Amino acid sequence: MLLLCFSAATVCFANEAVGANADQKKLGDESDGSRAHPTHLIPLFYENDNGEKGEKITPDDELLLPFSTRWTCGECHSYGIIGKGWHFNATDPNVAPGRPGQPWILADARTGTQIPLSYRRWPGTFKPEQLGLTPRAFTKLFGRHTPGGGAGELETEDPDEIMRQFISGKLEINCLSCHNAHPGQNQGGMGGYAVQIARENFRWAAAGACEFASVSGSATDMPETYDPFMPEPVRDKIPPTISYREDAFDRENQVFFDILREVPAHRCYFCHSNLYLDKKHAEKWSSDEDVHLKAGLTCVDCHRNGIDHKIIRGYESEDTVLRNPLVATSSCEGCHLGDKYSSSPVAGRLGAPVPEHPGIPPVHFEKLTCTACHSGPWPSQKTHLTKTSRAHRLGTLNVNKSHDVLPHIISPVFAKQPNGKITPHKLLWPAFWGSLKGQDVTPIALEIVRQTAGKVIAKEKLPLSGNWPALTAEHITEVLTLLSSQKSIKGEPVYISGGKLYSLDDSAKLCEEEHQSAKPYLWPIGHNVRPAAQSLGVRYCTDCHATDAPFFFGDVTVDSPIVAAREAKKMIEFQGISPSYAWAFAFSFVFRPFMKFICLGSCAVLAGVLLLYALKLLACVAKALTERD
Amino acid sequence: MFQTISIVAFAVTFGCMVLNCVISPCKECWRHPLRKLVHLFTLLFIEQKLSPVGVLRKVVYLLAMLCFVILAVTGFYPTIILGEHISGYLVMVHATFAPIFAICLAILAVMWARRCRFAYSDWPWFQRTVQRVTLVKSAGEQAQCESSGLGQKITFWLIIFLALPLILSIILSMFPLFGTHWQELLLSTHRYTALVFALVVIVHTYLVIRTKMQE
């Protein structure tokens, strides 16, 4: 009994110690106020096989291991606190999802799949595990465009993966992905971060991407018995191995990191680039960057965070989900118009001009977000295919540069947000094989789909461009029939594509219907912000209020592997506005100049009459006064 | 705020008109009420005896009344009944009839101004004051009693006067001249001017009807 009490007390004290440690600020957690860049000349530490802090790395070590950011950077910065930041907390179910953002997109032309995934609770996205993707598989697929952490650090629950995770290690937060100012930081190039992740060299990825180390070999090739802490040669295979540049270490075996607190924009661009495939501006040199960057700002001037890395995303009403003192003044409105509840004037931060909006009726500010007129590509009669870093692996090796490559992201789509305001969006039409139970459609695991749909679609020629294969109703019928015979699938097999749900009726005939699960996934466009002189409405109201204006009547491509289903919808169908009303309202602008002319003319007549009789009154008064004299 | 002010203003105006009917009842109206109503209804038609200008004047007046009713309903229904800004098809109807109303007002101003100019006889008390101040005998006719058209004249000139800010406030906001703050100010000006304008038109119409009933 005494022993039990003693044990409990020990645990209690230990927990207190952990709590105290967590609360304790480290050297780099709080600034002393100096705006100068601190010099990061620091020792490197690796993580040992127990997941604890290892020894200091020296170039003379018998076995060179990759430095661990958790233990190297974590010497002065609270890794645990940083890990709760927006870029790393997607897998935490307690984190408020906030406004829907760009999902990860699993695209596979061979199975007719293009599905938005996210660990966040964004309506319209699916959890990776619903498609049979473990966090580890997810990391291998998409970790290339993450700064580590999140799914990459989850302990695997799959017994088959435990040994593989021991070999590859966890994908720690890679502080250098964002904060390394050295041009040698290699995110997407040969042997860089993306390559290391594709090779499952998670433990080596951060080190392998920095300028003073290089990694060879692949954890994927290693047998399950391989121990990276006591490596033995593997026949015909190269185990993951790191080498540090000789001159990287000083006499005290410390290494200089060229760290910037304010992340340079080109680091953000690695994961946040967009390419709008407009015929005129499909090349980088022919399109302009965001006007804020050109004005001298960087991304982190607006998207700020403290040590907790809870970065401001910069949308309206973000203050309801994020406790950041600057959140209210860091949105478009916050910077340009200020916070009306603030005790001191905050408009015009960072030199933001306070917009006048001459001639724009105030109702526009109730019905539209700032980005509706100021962000994204200028709307044209047909939406553009759009590439993003994360969806299309931009900036990594062997990228398919074809315009038609999957996934097909469509933009700009002017759609109504849940807050009732119209804003430009990127759009993805989900396409996947699922099972229907009640009204819910659950995606079928990709492995099963590959074994069924993959075989049927494999008969078709896959375009080299990476586009969809040309599927027909017969293909869909054949695959659905095959899936129906799969006992592992609970519910009715269906195919979702192009906004429709395809299923087989009782006579095994293919039928289609509109369905909630087939609705497109949209996420708002924040950038690039165009200059005021290129905003919608700058020329005249008919930029939007014309009977053929793309804002209301542009064509939104309906994307589908089924050739017969490829069509277009009108933009207005996404805005919750009656098309006939919008058309009639737009048509009324034809008469707007006449109305102005008539009203001004009438005013002139009215003013003339008033003036005339006012003068007559004056004459009467003058006459009366004259008679007095 | 505007909703409350509008409701109160309309209630007070209609209340005053009822009070006026009670305090100063139109005896002629109650003698042959049905005949009077028929007579009132026939006023909507164009009399054959009218000259072409008279016909134009009447047509324009009737058209202006129709436009006013449509503009008042489309303008005040959403604000007073629904408690929201005018939008959708109501805006389009409102904007369609507004220029017609403006033209009618301009024509009526030209055609009625002379008839509605103030004479000394409209203001006997004023005339007496002027005489006392200037020590000049009246050049015009000595009015024996207060003119019955005074109210109509005042409301007419108020209508003409209020029409200017009413029209200009909304038309100027359509030009790229004023920023958001001024746009909001112009909209408020339009809103409150429209309220006063509507009340004046209602009073004017009441006085016209009362005069016609007494004929």
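Procedures and definitions
Residues numbered from 1 in each chain as written. Chains lettered and ligands numbered in written order. Predicted model: local features only at pLDDT ≥ 70, side-chain atom pairs only at ≥ 80, totals over all residues. Heavy atoms only, no water. Helix = DSSP H or I, 4+ residues; strand = E, 2+ residues; numbered from the N terminus. Buried < 20%, exposed > 50% of the residue type's maximum accessible area, 1.4 Å probe, protein only. Contact = heavy atoms within 4.5 Å. Areas by Shrake-Rupley, 256 points an atom, 1.4 Å probe, with all protein chains shown as cover. Lys, Arg positive; Asp, Glu negative; His and termini not counted. Charge placed at Lys NZ, Arg CZ, Asp CG, Glu CD. pLDDT = per-residue confidence, 0-100. Buried area = accessible area lost by both parts, 1.4 Å probe. Salt bridge = Lys/Arg side-chain N within 4 Å of Asp/Glu carboxyl O. Phe/Tyr/Trp six-rings, centres within 6.5 Å; stacked < 30°, edge-to-face > 60°. Lys NZ or Arg CZ within 6 Å of the ring centre and 35° of its normal. Pairing = 2+ DSSP bridges. Axes fitted to C-alpha atoms, helices over the stretch in contact; angles between N-to-C directions. Disulfide = S-S within 2.5 Å. Polar contact = N/O pair within 3.5 Å; in protein donor to acceptor, adjacent residues only side chain to side chain. Patch = residues over 30% accessible without salt bridge, like charges linked within 9 Å, V, L, I, M, F, W, Y side chains within 5 Å. Parallel < 35°, antiparallel > 145°, perpendicular 65-115°, else oblique. Left-handed = near helix turned anticlockwise from the far one by under 90°. Nonpolar A, V, L, I, M, F, W, Y, C, P; charged D, E, K, R; others polar. Core = buried A, V, L, I, M, F, W, Y, C linked by side-chain atoms within 4.5 Å.

A. How the structure looks around the overall build of chain B. A count of helical and extended segments in chain B gives eight helices and zero strands. Looking at chain B as a whole, 39% of its 215 residues qualify as buried. Pairs at least 24 residues apart make up 75% of the contacts formed inside chain B by residues separated by at least 6 positions. As displayed, chain B has an accessible area near 12,600 Å², and 72% of this comes from carbon and sulfur atoms.

B. Quick peek at the overall build of chain A. Counting its secondary structure elements, chain A contains 20 helices and 20 strands. Along the three orthogonal principal directions, the C-alpha set of chain A runs to about 120 × 75 × 60 Å. Counting all 629 residues of chain A, 47% fall into the buried class. Residue pairs in contact within chain A that sit at least 24 positions apart in sequence constitute 64% of those at least 6 positions apart. Taking the average location of the 64 positive side-chain charges in chain A and that of its 70 negative ones, the two points are 7 Å from each other.

C. Representation of the confidence of the model for chain B in the model. Residue and element names in this part refer to chain B. For chain B, per-residue confidence averages 83 on the pLDDT scale, and residues scoring 70 or more make up 85% of the total. Across residues 139-147, confidence stays below pLDDT 50; counting only partners more than four residues off in sequence or on other chains, it has nine contacts. Predicted as a complex, the structure gets a pTM of 0.87 and an ipTM equal to 0.87.

D. Geometry of the interface of chain A and chain B. Taken together, the contacts link 31 residues of chain A with 38 residues of chain B. Summed over both partners, the interface of chain A with chain B comes to about 3,100 Å²; 78% of that surface belongs to carbon and sulfur atoms. Per-residue buried area on chain A facing chain B is highest for Leu606, Leu610 and Tyr613 of chain A; these three make up 18% of the total on that side. Counting the contacts that link chain A with chain B gives zero salt bridges.

E. Region of the structure containing the environment of Gly143 of chain A. Residues and elements named next belong to chain A. Relative to the helices and strands, Gly143 resides in the loop between α4 (135-142) and α5 (159-168). Take Gly143: its relative accessible area is 3%, and that puts it in the buried class. Along the sequence, Gly143 and Leu350 sit 207 residues apart, while their C-alpha atoms lie 34 Å from each other. Apart from residues no more than four positions distant in its own chain, Gly143 is found in contact with Phe138, Leu171, Tyr193 and Ile197.

F. Broad picture of the packing of aromatic side chains. Residue and element names in this part refer to chain A. By the definition in use, this model includes 32 aromatic pairs over all chains. Judged by centre distance (4.9 Å) and plane angle (75 degrees), the rings of Tyr119 and Phe138 are edge-to-face. One end of the pair, Tyr119, is in the loop between β5 (113-117) and α4; the other, Phe138, is in helix α4, with 19 residues separating them in the sequence. With 5.8 Å between their ring centres and 25 degrees between their planes, Tyr581 and Phe585 make a pair best called stacked. Here the residue Tyr581 and the residue Phe585 both occupy positions in helix α19 (residues 579-588), the gap between them amounting to four residues, near one helical turn. A connected cluster of aromatic rings, assembled from ring pairs, spans Phe67, Phe212, Tyr244, Phe249 and Phe257. If you follow Lys53 out to its NZ or CZ, it ends over the ring of Phe45, 4.1 Å from the centre.

G. How the structure looks around the sheet that holds strand β16 (residues 500-504) of chain A. Residue and element names in this part refer to chain A. Sheet architecture is open: five strands sit in the order β14-β13-β15-β16-β17, paired in antiparallel fashion. Both edges of this open sheet fall to β14 (440-443) and β17 (510-514), since each of them pairs with a single strand only. Shown here is a sheet whose adjacent strand axes are inclined to one another by a mean of 35 degrees, direction ignored.

H. Seen up close, the environment of Gly112 of chain A. Residue and element names in this part refer to chain A. Tracing the sequence through the fold places Gly112 in the loop between β4 (104-108) and β5. When the C-alpha positions of Gly112 and His392 are compared, they lie 17 Å apart, and in sequence the two are 280 residues distant. Not counting the four nearest positions on each side in its chain, Gly112 is found in contact with Ala431, Phe432, Ile457, Trp468, Tyr495 and Pro561.

I. Region of interest: the state of the cysteines. Per the stated rule, a full pass over the model turns up zero disulfides over all chains. Its sulfur unpaired, Cys73 of chain A is 3.7 Å from the next cysteine sulfur, which belongs to Cys175 of chain A.

J. View of the sheet that holds strand β9 (residues 274-276) of chain A. Residue and element names in this part refer to chain A. The strand order β9-β10-β11-β12-β18 describes an open sheet built from five strands, whose pairing is antiparallel. A single partner strand is all that each edge strand has here, and the edge strands are β9 and β18 (521-524). Neighbouring strand axes in the sheet, compared pairwise and without regard to direction, differ in orientation by 45 degrees on average. Strand direction decides the pairing type here: strand β10 (residues 384-388) and strand β11 (residues 409-416), joined by three bridges, are antiparallel.

K. Quick peek at the pattern of salt bridges. All names here are of chain A. If you walk through the whole model with that rule in mind, you get 20 salt bridges over all chains. With a closest N to O distance of 3.3 Å, Arg70 and Glu153 form a salt bridge. Here Glu153 lies in the loop between α4 and α5 and Arg70 lies in helix α2 (residues 69-72), a separation of 83 residues in the sequence. When its relative accessible area of 28% is taken as the criterion, Arg70 is described as partly exposed. One salt bridge in this structure joins Glu262 and Arg261, with 3.5 Å as the shortest N-O distance. Relative accessible area serves as the criterion here: at 41%, Arg261 is assigned to the partly exposed category. Here the salt bridges share partners, and the residues they tie into one network are Asp108, Arg110, Glu447 and Arg450.

L. Just the side chain of Asn48 of chain A, in detail. Residue and element names in this part refer to chain A. Examined against the element boundaries, Asn48 turns out to sit in the loop between β2 (45-47) and β3 (53-56). A relative accessible area of 19% places Asn48 in the buried class. Looking at Asn48, its side chain comes within polar contact range of the main-chain nitrogen of Asn50, at 2.9 Å. Not counting residues within four places of it along the chain, the set of residues in contact with Asn48 comprises Lys53, Gly54 and Phe229.

M. Representation of the side chain of Thr74 of chain B. Residues and elements named next belong to chain B. Its location among the elements puts Thr74 in helix α4 (residues 52-82). From its side chain, Thr74 meets the backbone oxygen of Ile70 in a polar contact 2.8 Å long. A polar atom in the side chain of Thr74 sits 2.8 Å from the side chain of His94.

N. Geometry of a nonpolar patch on the surface. Residue and element names in this part refer to chain A. On the surface, Trp583, Phe587, Val590, Phe591 and Phe594 cluster together into a nonpolar patch covering about 520 Å² of accessible area. Note that Phe594 resides in helix α20 (residues 592-628). Residue Phe594 is classed as exposed on the basis of its relative accessible area, which comes to 53%.

O. The arrangement of a negative patch on the surface in detail. Taken together, the side chains of Glu492, Asp505, Asp506, Glu513, Glu514 and Glu567 of chain A make up a negatively charged region of the molecular surface. Mapped onto the elements, Glu492 of chain A comes out in strand β15 (residues 492-497).

P. Seen up close, the packing of α4 of chain B against helix α8 (residues 180-214) of chain B. Residues and elements named next belong to chain B. It is the contact of α4 with α8, at a shortest axis distance of 11 Å, that shows an interaxial angle of 140 degrees. The angle between α4 and α8 falls in the class oblique. Where α4 crosses over α8, the two elements pack in a sense that is left-handed. From α4, Tyr61, Met65, Phe68 and Phe76 reach across to α8, where they touch Ala194, Leu195, Phe197, Ala198, Val201, Thr205 and Val208. Here the contact of α4 with α8 is composed, by residue class, of 10 nonpolar, one polar and no charged.

Q. Spatial organisation of the nonpolar core. Counting 51 residues, the largest nonpolar core has Leu606 of chain A together with Phe10, Phe76, Phe101, Trp157, Ile167 and Phe197 of chain B as its most contacted members. When residues of this core are traced back to their parent elements, those giving at least two are α20 of chain A together with α1 (2-23), α4, α5 (89-112), α7 (150-172) and α8 of chain B. When neighbours within four sequence positions are excluded, Leu606 of chain A is seen to be in contact with Leu105, Ala106, Ala109, Ile160, Ala163, Leu164 and Ile167 of chain B.

R. Layout of the confidence of the model for chain A. On average, chain A scores 89 in pLDDT, and the residues at 70 or more come to 96%. Considering only residues more than four positions removed or in separate chains, one finds that residues 1-20 of chain A, a stretch of pLDDT under 50, has zero contacts.

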